[in-house]
Amino acid sequence: QLQLVESGGGLVQPGGSLRLSCAASGFTLDYYNIGWFRQAPGKEREGVSCISSRGSSTALVDSVKGRFTISRDNAKNTVYLQMHSLKPEDTAVYYCAASYYYCSGLMAEYTYWGQGTQVTVSS
């Protein structure tokens, strides 16, 4: 079974930090581009950040630039999203996804998706 599993979500105060993890089983992430997406209630799913198979990172939305950092640990078959200075508008279900060819903000480019982890930023 090919799976991506997100973890690390939870409740955090504005200005706080959280690290999300995306772990793969049944396949290796080494040669995939891994994107983080999020979906807030009543809103469309949007791309947040992506890391290429070579380790190059790209912010997919301007609002997270300078606050979120994506990284990968191929030995652990895991990709991380380190989030700092969290804002209430960051509240969403966060998903990771794997793409064969491109580090893209388009959901259609991604082959595998996780089930999501809830991030709630509230005082």
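Just so it is clear, the model here is predicted, and its values are computed rather than measured.

Procedures and definitions
- Residues numbered from 1 in each chain as written.
- Predicted model: local features only at pLDDT ≥ 70, side-chain atom pairs only at ≥ 80, totals over all residues.
- Heavy atoms only, no water.
- Phe/Tyr/Trp six-rings, centres within 6.5 Å; stacked < 30°, edge-to-face > 60°.
- Buried < 20%, exposed > 50% of the residue type's maximum accessible area, 1.4 Å probe, protein only.
- Lys NZ or Arg CZ within 6 Å of the ring centre and 35° of its normal.
- Pairing = 2+ DSSP bridges.
- Helix = DSSP H or I, 4+ residues; strand = E, 2+ residues; numbered from the N terminus.
- Axes fitted to C-alpha atoms, helices over the stretch in contact; angles between N-to-C directions.
- Core = buried A, V, L, I, M, F, W, Y, C linked by side-chain atoms within 4.5 Å.
- Contact = heavy atoms within 4.5 Å.
- Patch = residues over 30% accessible without salt bridge, like charges linked within 9 Å, V, L, I, M, F, W, Y side chains within 5 Å.
- Areas by Shrake-Rupley, 256 points an atom, 1.4 Å probe, with all protein chains shown as cover.
- Salt bridge = Lys/Arg side-chain N within 4 Å of Asp/Glu carboxyl O.

K.L.:
Please give an account of the packing of aromatic side chains that cites residues and values.
P.N.:
Under the counting rule described, the total for this entry stands at nine aromatic pairs. Aromatic side chains Tyr101 and Tyr102 sit 6.4 Å apart centroid to centroid with 55 degrees between the ring planes, which places their arrangement in the tilted category. Like Tyr102, Tyr101 is exposed. Among the aromatic side chains, those forming a connected cluster through ring pairs are Phe27, Tyr32, Tyr100, Tyr101, Tyr102 and Tyr112. Sitting over the ring of Tyr95, Arg45 keeps its end group 3.8 Å from the ring centre. For Arg45, the ring lying beneath its charged end belongs to Trp113, and the centroid distance is 5.2 Å.

K.L.:
Explain the sheet that holds strand β8 (residues 78-83) residue by residue, including any values.
P.N.:
Sheets are built from strands paired through backbone hydrogen bonds, the pairs being either parallel or antiparallel. Across the sheet, which stays open at both edges, the four strands sit in the order β1-β3-β8-β7 with antiparallel pairing between neighbours. With partners counted over all chains shown, the strands left at the sheet margins are β1 (3-7) and β7 (68-73), one partner each. Geometrically, the sheet is characterised by an average inter-axis angle of 15 degrees between neighbouring strands, direction not taken into account. As judged from the five bridges shared by β1 and strand β3 (residues 18-25), these two strands associate in the antiparallel manner. Looking at β3, one finds that Val5 is bridged to Ala23.

K.L.:
Could you give me a rundown of the nonpolar core, with the residues and numbers involved?
P.N.:
Of all hydrophobic cores here, the largest spans 29 residues; its most connected members are Leu4, Trp36, Leu81, Met83 and Tyr94. At the level of elements, β3, β4 (33-39), β5 (46-51), β7, β8, β9 (92-99) and β11 (117-121) are the ones that each hand at least two residues to this core. With near-sequence residues (within four places) excluded, Met83 lies in contact with Gly16, Ser17, Leu18, Leu20, Arg67, Phe68, Tyr94 and Val119.

K.L.:
So what's going on with unusual backbone geometry? Which residues, and what values?
P.N.:
A positive phi angle, close to 55 degrees, is found at Asn77, a residue other than glycine. As for its placement among the helices and strands, Asn77 is situated in the loop between β7 and β8. Of note in this structure, Ser85 is not a glycine but carries a positive phi near 50 degrees. Here Ser85 is to be found in the loop between β8 and β9. Ser85 gets classed as partly exposed once you look at its relative accessible area, which sits at 40%.

K.L.:
Break down a nonpolar patch on the surface for me, with residues and values.
P.N.:
Together, Tyr100, Tyr101 and Tyr102 make up a nonpolar patch on the protein surface, roughly 430 Å² of accessible area in all. Relative to the helices and strands, Tyr100 is located in the loop between β9 and β10 (112-113). A relative accessible area of 44% places Tyr100 in the partly exposed class.

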